[in-house]
Amino acid sequence: MNKKHLYILCGLLVLVGITATIYRALVLEFPLTPNETTPTWRIETRLEIEAKGNPVRISMMLPSSQPGLTLYNESYVSPGYGLATSAPTDNRQAIFTKRAASGTQILYYSAVLHRSLTRDAAPKVRPPTIRPSRFNDIQMAAARQVIGRIELESADTDSFVRLLFAQLKDPRPGGPEQLLLQAARTRAEVGVKIMTVAGMAARVVNGIALNPDRRRAKLVRWVEIYDEDSWRAFDTDSNEFRAPPAHLPWWRGTSPLTSIQGGRLIHTEIAVRRVFIDSLQSTVGKQKQAQSKFVEFSVFGLPLQTQEVYRLLLTVPIGIFLLVILRNVVGMRTFGTFMPVLIALAFRETQLLWGAILFTSVVAIGLLVRFYLEQLKLLLVPRLASVVIVVILVMTVISIISHKLGFDRGLSVALFPIVILAMTIERMTVIWDEKGPKEALIQATGSFLVAVLCYLVMNLDIVRHWVFVFPESLLLVLAATLALGRYSGYRLVELPRFRVLAGKD
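Residues numbered from 1 in each chain as written. Predicted model: local features only at pLDDT ≥ 70, side-chain atom pairs only at ≥ 80, totals over all residues. Heavy atoms only, no water.

Undergrad: For a nonpolar patch on the surface, give the residues involved together with the corresponding values.
TA: Together, V14, I18, I22, Y23, L26, V27, F294 and L476 make up a nonpolar patch on the protein surface, roughly 640 Å² of accessible area in all. For the nonpolar patch, the element with the highest residue contribution is helix 1 (residues 3–27), accounting for six residues. Classification of L26 as exposed rests on a relative accessible area of 54%. (Patch = residues over 30% accessible without salt bridge, like charges linked within 9 Å, V, L, I, M, F, W, Y side chains within 5 Å. Areas by Shrake-Rupley, 256 points an atom, 1.4 Å probe, with all protein chains shown as cover. Salt bridge = Lys/Arg side-chain N within 4 Å of Asp/Glu carboxyl O. Helix = DSSP H or I, 4+ residues; strand = E, 2+ residues; numbered from the N terminus. Buried < 20%, exposed > 50% of the residue type's maximum accessible area, 1.4 Å probe, protein only.)

Here it is as structure tokens:
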């Protein structure tokens, strides 16, 4: 395989890894850093009604996800009631039903609202059907009088709407605006009816403020006007074409929040509370609710116990890549190829200091036993089996003694891979016999230092977060490993040997 083929392969791996990582970060909104929190809002609605033994049907408006705001983790508490959700219009409804209910009934609805990093543009919609306003003859005449005066003073839709709500906000005493306001609950409702008479498509939006936290949040109303293939929000308080800041549109229209058949509404309470939750948990929950295939066919689609296993396994490629650099570029000598990485994995469970002490102790004792067994002239397999047995006995004794002395950290020696300890002892004695004690100690020291460095890198929070949340980033590690596979230059530890070739200068 030529170098060109290798470079093309590395380039493709880098391209796929970067593209998938960017998609997961910017589109799916997975957090880039560990321990990152996301501001979310928990919305809770409490309905208290009085039933009189008759069939009860309760309809309650439900909020929906909006551009920039995603609703998830909806839950309902309605003992004894049947529940169904429907969306006959642009609004969502929860319908609670019960064959016979009596006395005070309390129902709850809660949801979590997450602010998205990406804000989708308002989708284009078809022109809505303009329905005639429910005005009587006197109110209709007053509305036409208001429209006639504003049409003379306005130049376009924007100026018409601004002038209309400016007059509704400060009506003249005895004027037509005051007459119309007496027949409706809010300025938004009156303004929408007047605009409908003028041939404009408009609707009332009912929502709640998300900030600050409120135990009893009040409903706020503003207006949306259909213009240029989309609905434009208009704040009737500020007289500006915008939605009230930090507000959630709950439902649209003049229908009430709840309507009851077979009972009487006693009290409705809406609470809004801002909470900071783990960004990763929030994003995974949101994507699972959206049934994202990208998340379903990933580590987050696995059982939680299996996910914890892969939190550890996915850090191994990072340790292996570091080992490749230390061996092929730096020139450090170690026992075996991947043995230091496996030792580093054990350090993650025992912690570095105690892991180093326990590892050194077991290897030293095992080495003494191995030298003794050498005198017995045993074959390879029985000798290895004997070393494994001795290692297990030594680990057991260390755990018992440390426990009796009150050092519970000594119990973690059992987390070391027994085979790795036995192979380390065997490998060190073989090199001791073949190349002398100096080379054996050099490789032992190199293996220990590489294991410590791998542990320090693999145990970084940012590394553990990235390889688990963005596993496609390991494609970049693979590309770098393949690129280093062709490295045949000097190793750093060999440079002092060639210093004399550089001359006296």
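Undergrad: Summarise the packing of helix 10 (residues 339–350) against helix 14 (residues 437–458); cite the residues concerned and give the values.
TA: Where helix 10 meets helix 14, the axes come as close as 8 Å, and the angle between the chain directions of the two elements is 55°. Compared by their axis directions, helix 10 and helix 14 come out oblique. Between helix 10 and helix 14 the crossing geometry is right-handed. Contacts between helix 10 and helix 14 pair P340, V341, I343, A344, L345, F347 and R348 from the former with S447, F448, V450, A451, V452, C454, Y455 and M458 from the latter. Of the residues belonging to the contact of helix 10 with helix 14, the class tally is 13 nonpolar, one polar and one charged. (Axes fitted to C-alpha atoms, helices over the stretch in contact; angles between N-to-C directions. Parallel < 35°, antiparallel > 145°, perpendicular 65-115°, else oblique. Left-handed = near helix turned anticlockwise from the far one by under 90°. Contact = heavy atoms within 4.5 Å. Nonpolar A, V, L, I, M, F, W, Y, C, P; charged D, E, K, R; others polar.)

Undergrad: An account of the nonpolar core is requested, with residue identities and associated values reported.
TA: Counting residues in each nonpolar core, the largest one holds 37 residues, and the members touching the most others are I343, F347, V362, V391, L421 and C454. At the level of elements, helix 9 (316–330), helix 10, helix 11 (352–374), helix 12 (380–404), helix 13 (418–435) and helix 14 are the ones that each hand at least two residues to this core. Residue contributions to this core peak at eight residues, all from helix 14. (Core = buried A, V, L, I, M, F, W, Y, C linked by side-chain atoms within 4.5 Å.)

Undergrad: Any details on the pattern of salt bridges? Residues and values, ideally.
TA: The full count for this structure, using the stated rule, is 16 salt bridges. A salt bridge links E48 to R46, with the shortest nitrogen-to-oxygen separation between them at 3.3 Å. A salt bridge links R333 to E439, with the nearest nitrogen and oxygen atoms 2.9 Å apart. On the criterion of sequence distance, the pair formed by R333 in the loop between helix 9 and helix 10 and E439 in helix 14 is long-range, its members being 106 residues apart. Overlapping salt bridges bring together D158, D227 and R232 as one network.

Undergrad: Residues and numbers for the packing of aromatic side chains, please.
TA: The way to describe two aromatic rings as a pair is by their centre distance and the angle between their planes. Under the counting rule described, the total for this entry stands at 11 aromatic pairs. Ring centres of Y76 and Y109 lie 5.3 Å apart, and the angle between their planes is 45°; on these two criteria the pair is classed as tilted. Of this pair, Y76 sits in strand 3 (residues 69–77) while Y109 sits in strand 6 (residues 102–115), and the two are 33 residues apart along the sequence. Taking the relative accessible area as the measure of exposure, Y109 reaches 1% and is therefore buried. For the ring pair Y226 and W231, a centre distance of 5.6 Å and an interplane angle of 70° mean the geometry is edge-to-face. As far as burial versus exposure is concerned, Y226 and W231 are alike and both buried. Put simply, the rings of F30, F300 and F468 pair up and form one aromatic cluster. (Phe/Tyr/Trp six-rings, centres within 6.5 Å; stacked < 30°, edge-to-face > 60°.)

Undergrad: Just give me the short version of the sheet that holds strand 8 (residues 219–227), but keep the residues and values in it.
TA: Across the sheet, four strands lie side by side as 9-8-7-10; this open sheet has antiparallel pairing. The sheet terminates laterally at strand 9 (230–234) and strand 10 (247–252), the two strands that pair on one side only. Adjacent strand axes in the sheet meet at a mean angle of 40°, parallel and antiparallel pairs treated alike. Bridge count for strand 8 against strand 9 is five bridges, and the pairing is antiparallel. Each residue of the ladder has a partner; that of I225, found in strand 9, is R232. (Pairing = 2+ DSSP bridges.)

Undergrad: Describe the sheet that holds strand 3, naming the residues involved and giving the relevant values.
TA: The four strands are arranged 3-6-1-12 in an open sheet whose pairing can be described as antiparallel. Edge positions in the open sheet fall to strand 3 and strand 12 (263–278), since each of these has one partner strand only. Averaged over all pairs of adjacent strands, the angle between their axes in this sheet comes to 20°, without regard to strand direction. Relative to strand 6, strand 3 runs antiparallel, the two sharing seven bridges. Directly across from S75, in strand 6, lies its bridge partner S110.

Undergrad: Describe unusual backbone geometry, naming the residues involved and giving the relevant values.
TA: Phi at N35 is positive, roughly 60°, even though this residue is not glycine. Along the chain, the position of N35 falls in the loop between helix 1 and strand 1 (37–52). Owing to a relative accessible area of 66%, N35 belongs among the exposed residues under this scheme. With a phi angle near 55°, A246 is a residue other than glycine that sits in the positive phi range. For A246, a relative accessible area of 32% translates into the label partly exposed.

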